[in-house]
Amino acid sequence: MNMRPHATLAPLNARHSVSRGGGWVTALAWLWLFLPLVWMWPSSRTLGDVALSALLWCGCLLWRPLTRVAAWVLVLVGACYLGYFYAVRSAPDEFFWYSVLGASTTEAWEYASSYRLQDLASLLCWLLPAVAAAVHLWRRAPLLTGRLLRGVGWASWLVWGVLATTGVAKGYGLEGTLRRVDRVYPMTLGESYARYAHAAESISRIPPMAPPAAAPMADVVVMVIGESASAQRWSLLGYQGNDTNAALRPWRDGLVTLPVTANGNNTGKTVPVLLTGQRMAEMPESGVVTVLDQGRSAGFRVETLSNQSASGMSLSFAHAAFRQRSDRFVNLQDGLQDGALTELLASSLQQQAAGQPALITLHMYGSHPRVNKRYPPEFAKWEDPYDNSIAYSSSLLADWISRLDALPGVRAALVYVSDHGQNFPQCGGSYTHGSTRSAYEVPLLVWGNAALRQQQPQWWGQLQKVAAHAVAPDGSLRQTNLLYTGVVQDLLGYQVHAVDKGTASHVSPAGDGPYPPTAAHNGCDDWFAQVAQQHPAATP
């Protein structure tokens, strides 16, 4: 008879042991779902942010249905964080939403298929255990039990309530409130969406602008925005490998070429800056003036011919501006190569005979991943597909220059810059978006016909001088991609003094250095810290 109480207590003790053990498993599973930040930026501070975030969201463990929903949401959010980070080396920002909502299926697949194997492996090292953690929380996770643990859970909700109340009372608004807790994972995603939504409301607003201060310097201006071309692979800028710019060499007497620093490492960050000539971290309430608006104000017919996809659910700032602020906008269908822009340009140039000056934007697909699909078979000259893609882009630039040069009795200019560069294979095995030095250093080219150069000798001489001294002794670049916008604005008559507009924030000592940088100065480390010092419009 004395055995019966012990027999009854044994399974009870076992259940308590399982509960305590299950509680630790639940805690670890919950913590794991917050670890993408550590994958991105491993440090003791990041680990502290992860622990704090897991604690502040532990109120979700008070109810099993909420636990289940929260677990799978965190898996999806973590995949978004790491997927975007490994693509562009940035936490999700408003450009993440433009990319996700604005990308076509084809472009999304190209991004995914161009992932470096080591990045994909790293992502899976978090994602697979995260799925297992979510399954555990769905099926077997004990809820927060006991007065102490439930008190902690309810306290976490109280903290969120206080934060929300404070935000309302002080008039921070949603975006401002989220910004104050952006160290709590994954609030950055919410804050970035609030910025995206705010920008989407202002994207179509055009503030008043003054007319140009002087007469235009050119009658036909062709703005070319390239894609994913690194200055380090331009033979005109010192690349000693394949002659990637051979097609442009016959035009060298009318060319100015130099490497410049881009403000970002993806299209969503750089093209708005190229169009506006200013920092675009936040969209002003009143909207923003672009060079397209300035062209129309100066009396130019404005046309945009684009080979960049715009078939997603949302338009980026650039696509919205091109559509709204151009007298004519043509977006090529997905899958065409940049050569398809040539016929459209020829049609636009024929209309120039009417006498109205023209500002024509050509938005290329350039050397976008996957680079082996960016050129026709006859340009597969070398083993390196990236070099082939740049050679193809160079041949198109040369063709477009020849068409402009053939226009009778006009002052014509073509201005080219790539939006950003690429990580090279030595930094992960393939050409991808990234944050190394080669991803931020891009080629800039200005061509002017004889009539323009003869009429503006001082301006042209300044550009030549800047190009001759573009690289400092320490290898840093003295000009940023704001020079591109400044050149276009000068040509339109706005007299912004392009050379001053493009000068880097940190002016290097006198003297010149070689380009491209040597292997010792061109590693695979994150280069954004250097970009932030040099570029007044840099965005992380």
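Below is a short write-up of the structure. (Residues numbered from 1 in each chain as written. Predicted model: local features only at pLDDT ≥ 70, side-chain atom pairs only at ≥ 80, totals over all residues. Heavy atoms only, no water.)

Examining helix H8 (residues 146–169)
Each α-helix turn comprises 3.6 residues. Residues three or four places apart therefore point the same way.
Phase 1: Taking 1.5 Å as the rise per residue, H8 with 24 residues should run 34 Å; its terminal C-alpha atoms sit 34 Å apart, in good agreement.
Phase 2: The complete set of buried residues in H8 reads Gly153, Ser156, Trp160 and Gly167.
Phase 3: Buried residues along H8 sit in contact with helix H3 (44–56), helix H9 (173–179) and helix H10 (187–202). (Helix = DSSP H or I, 4+ residues; strand = E, 2+ residues; numbered from the N terminus. Expected span 1.5 Å × (residues − 1). Buried < 20%, exposed > 50% of the residue type's maximum accessible area, 1.4 Å probe, protein only. Contact = heavy atoms within 4.5 Å.)

Here's the deal with the nonpolar core
Within soluble globular proteins, side chains that are nonpolar tend to cluster in buried spots.
Phase 1: The biggest cluster of nonpolar side chains holds 140 residues, and the ones touching the most others in it are Trp30, Leu33, Leu275, Trp400, Leu414 and Leu491.
Phase 2: No other element matches helix H4 (residues 64–88), which puts 12 residues into this core.
Phase 3: Discounting chain neighbours no more than four positions away, the residues touching tryptophan 400 are Val224, Asp338, Leu341, Thr342, Leu345, Leu362, Met364 and Leu414.
Phase 4: If you look at the next biggest cluster of nonpolar residues, it comprises seven residues, including Leu56, Trp160, Leu178 and Ala194. (Core = buried A, V, L, I, M, F, W, Y, C linked by side-chain atoms within 4.5 Å.)

Quick look at the state of the cysteines
Phase 1: Going through the model one piece at a time under the given rule, you end up with one disulfide.
Phase 2: Between the sulfur atoms of cysteine 427 and its disulfide partner cysteine 524 the distance amounts to 2.0 Å. Where cysteine 427 bonds to cysteine 524 through sulfur, the torsion about that S-S bond is close to -80 degrees, and the disulfide is left-handed. Of this pair, cysteine 427 sits in the loop between strand E6 (412–418) and helix H16 (437–440) while cysteine 524 sits in the loop between helix H20 (498–502) and helix H21 (528–534), placing them 97 residues apart in sequence.
Phase 3: Residue class for cysteine 427 comes out buried when judged on its relative accessible area of 9%.
Phase 4: Judged by relative accessible area, cysteine 524 falls into the partly exposed class, the value being 42%.
Phase 5: Residue cysteine 125 stays outside any disulfide, its sulfur separated by 19 Å from that of cysteine 80, the closest cysteine. (Disulfide = S-S within 2.5 Å.)

Points about helix H19 (residues 482–492)
Phase 1: With 11 of its 11 residues buried, H19 lies for the most part within the structure.
Phase 2: By the burial criterion, the buried members of H19 are Leu482, Leu483, Tyr484, Thr485, Gly486, Val487, Val488, Gln489, Asp490, Leu491 and Leu492.
Phase 3: Directly after H19, the chain includes glycine 493, whose backbone phi takes a positive value near 105 degrees.

Describing empty space enclosed by the protein
Phase 1: The full count for this structure, using the stated rule, is two cavities of 30 Å³ or more.
Phase 2: Approximately 40 Å³ is the volume found for the second largest cavity.
Phase 3: In terms of lining residues, the second largest cavity is bounded by Phe424, Gln426, Cys427, Thr436, Ser438, Asn522 and Gly523.
Phase 4: Here the residues of the lining of the second largest cavity sort into two nonpolar, five polar and no charged. (1 Å grid on protein atoms, 1.4 Å probe; cavity = no way out; pocket = protein on both sides within 12 Å on 5 of 7 lines; lining within 4 Å. Points joined across faces, edges and corners; volume = space filled by probe spheres on them. Nonpolar A, V, L, I, M, F, W, Y, C, P; charged D, E, K, R; others polar.)

Concerning unusual backbone geometry
Phase 1: A cis amide bond links tyrosine 185 to the next residue, proline 186, at an omega of -5 degrees.
Phase 2: Looking at the element boundaries, proline 186 is found in the loop between H9 and H10.
Phase 3: In this model, tyrosine 515 is joined to proline 516 through a cis peptide bond whose omega is 0 degrees.
Phase 4: Inspection of the secondary structure assignment puts proline 516 in the loop between H20 and H21.
Phase 5: The phi dihedral of histidine 497 falls on the positive side, at around 60 degrees, and the residue is not glycine.

Some thoughts on the pattern of salt bridges
If charged atoms from side chains of opposite charge come close, those side chains can pair.
Phase 1: Enumeration over the complete set of coordinates arrives at 15 salt bridges.
Phase 2: Put simply, arginine 195 and glutamate 191 hold a salt bridge, and the shortest N to O gap is 2.9 Å. One end of the pair, arginine 195, and the other, glutamate 191, are both in helix H10, four residues apart, so they sit about a helical turn from each other. The same class applies to arginine 195 as to glutamate 191, namely buried.
Phase 3: With a closest N to O distance of 2.6 Å, arginine 325 and aspartate 293 form a salt bridge. You can see arginine 325 sitting in helix H13 (residues 317–325) and its partner aspartate 293 sitting in helix H12 (residues 291–297), a full 32 residues away along the chain.
Phase 4: Judged by relative accessible area, which is 5%, aspartate 293 ranks as buried.
Phase 5: Counted as one network, the salt bridges with shared partners bring together Arg179, Glu191 and Arg195. (Salt bridge = Lys/Arg side-chain N within 4 Å of Asp/Glu carboxyl O.)

Concerning the packing of aromatic side chains
Phase 1: The final tally for this structure, using the stated rule, is 20 aromatic pairs.
Phase 2: Taken together through their ring pairs, the aromatic side chains of Tyr84, Phe96, Trp97, Tyr193 and Tyr196 make up a single cluster.
Phase 3: Positioned over the ring face of tryptophan 138 is arginine 68, at 4.6 Å from the centre of the ring.
Phase 4: Directly above the ring of phenylalanine 424 sits arginine 233, whose terminal nitrogen or CZ lies 4.6 Å from the centroid. (Phe/Tyr/Trp six-rings, centres within 6.5 Å; stacked < 30°, edge-to-face > 60°. Lys NZ or Arg CZ within 6 Å of the ring centre and 35° of its normal.)

Describing the environment of alanine 504
Phase 1: Here alanine 504 lies in the loop between H20 and H21.
Phase 2: Its relative accessible area of 5% is what places alanine 504 among the buried residues.
Phase 3: C-alpha of alanine 504 to C-alpha of valine 531: the two residues are 27 residues apart in sequence and 9.5 Å apart in space.
Phase 4: Once residues lying within four places of it in the same chain are set aside, the contact partners of alanine 504 are Leu477, Arg478, Gln479, Thr480 and Gln534.

Comments concerning the sheet that holds strand E5 (residues 358–363)
Note on sheets: strands pair through backbone hydrogen bonds, and any given pair is parallel or antiparallel.
Phase 1: Spatially, seven strands are ordered E2-E7-E6-E1-E5-E3-E4 in an open sheet, and the strand pairing comes out mixed. Pairing within the sheet leaves two strands with one partner each, and these edge strands are strand E2 (255–261) and strand E4 (328–331). Shown here is a sheet whose adjacent strand axes are inclined to one another by a mean of 10 degrees, direction ignored.
Phase 2: Judged from the six bridges that link them, strand E1 (residues 220–226) and E5 form a sheet pairing that is parallel. Across the sheet, residue valine 221 finds its bridge partner in E5, namely leucine 359.
Phase 3: H13 rests against E1, strand E3 (301–306), E4 and E5 of the sheet, and its axis sits at about 135 degrees to E4.
Phase 4: Contacting E1, E2, E5, E6 and strand E7 (441–448), H19 runs over the sheet at an angle of about 165 degrees to E6. (Pairing = 2+ DSSP bridges. Axes fitted to C-alpha atoms, helices over the stretch in contact; angles between N-to-C directions.)

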